[in-house]
Amino acid sequence: MKTIQWIVIIGLLALTAGMGVRMYMQWQMDKEPQLLTEFSFPDSTTRLRTSNEWQGKIMVLNFWATWCPSCLKEIPAFMALQSRYGVEKVQFVGIALDDLAAVNAFQEETDVNYPLLIAGDWAGFALAKKLGNIMGAIPYTVVVNSAGIIIYRHMGELSASELNSVVEPLL
């Protein structure tokens, strides 16, 4: 019995250490400037869109899905901020980890005022991971300054006021 207890304790310590290393790596990544990786995905009309299209603007990239309640909750605030900032300096881009039919059905109901790109599960999560989402969580939001450098990352639901505090100083 003692052997099993020691194995469990050692296993838990290893798990805790692994989680600590992963969190430290994320913290380090957040501190280091990172250039936005160029990407391209079709939008909800199947037109291929590339990240270079919004070069020189502040970009707010939001990884989301129609089946994610937290994702859907933050979209109206993002739409309001997109309207407030205009598209001259700031561009919101929704990167859907979903399929075209689901996104189009959502778009018909909501009429999102910024591009919704269809990345699907694998390609979308792969890009999110490259941009610092090592946990694979959604929603996941990345803010890129006008020079193409990632300046902010956020896992989970993001409030309009928090996002505004990141974007406002860049304008």
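Residues numbered from 1 in each chain as written. Predicted model: local features only at pLDDT ≥ 70, side-chain atom pairs only at ≥ 80, totals over all residues. Heavy atoms only, no water.

Enquirer: Give me the nonpolar core: which residues, what numbers.
Expert: Counting residues in hydrophobic clusters, the biggest one holds 46 residues, and the most contacted among them are L61, F63, F92, I95 and L163. Excluding its chain neighbours within four sequence positions, the residues that come into contact with F92 are V60, F78, L81, Q82, Y85, Y114, P115 and L163. (Core = buried A, V, L, I, M, F, W, Y, C linked by side-chain atoms within 4.5 Å. Buried < 20%, exposed > 50% of the residue type's maximum accessible area, 1.4 Å probe, protein only. Contact = heavy atoms within 4.5 Å.)

Enquirer: I'd love a proper account of the sheet that holds strand β1 (residues 34–35), names of residues and values included.
Expert: The 6 strands lie next to each other as β1-β8-β7-β4-β5-β6, forming an open sheet whose pairing is mixed. At either margin of the open sheet sits one strand with a lone partner, and together these are β1 and β6 (116–118). Pairing geometry for strand β7 (residues 140–144) and strand β8 (residues 149–155), over 5 bridges, is antiparallel. Across the sheet, residue V142 finds its bridge partner in β8, namely R153. Along the sheet, helix α3 (residues 100–110) contacts β4 (58–64), β5 (90–96) and β6; its crossing angle with β6, the most-contacted strand, is approximately 165°. Most of the contacts of helix α5 (residues 160–167) go to β8, to which it runs at about 165°, and overall it touches β4, β5, β7 and β8. (Pairing = 2+ DSSP bridges. Helix = DSSP H or I, 4+ residues; strand = E, 2+ residues; numbered from the N terminus. Axes fitted to C-alpha atoms, helices over the stretch in contact; angles between N-to-C directions.)

Enquirer: Describe in detail the pairing of β7, supporting the description with residues and values.
Expert: With 5 of 5 residues buried, β7 is to be regarded as a mostly interior element. Burial along β7 is two-sided: Y140, V142 and V144 and T141 and V143, pointing in opposite directions, are all buried. As paired elements, β4 and β7 share 5 bridges and run antiparallel to each other. Looking at the pairing, N62 lines up with T141 of β7. Taking the residues between adjacent antiparallel strands as the criterion, β7 and β8 are bridged by 4 residues, where G148 takes a positive phi near 85°.

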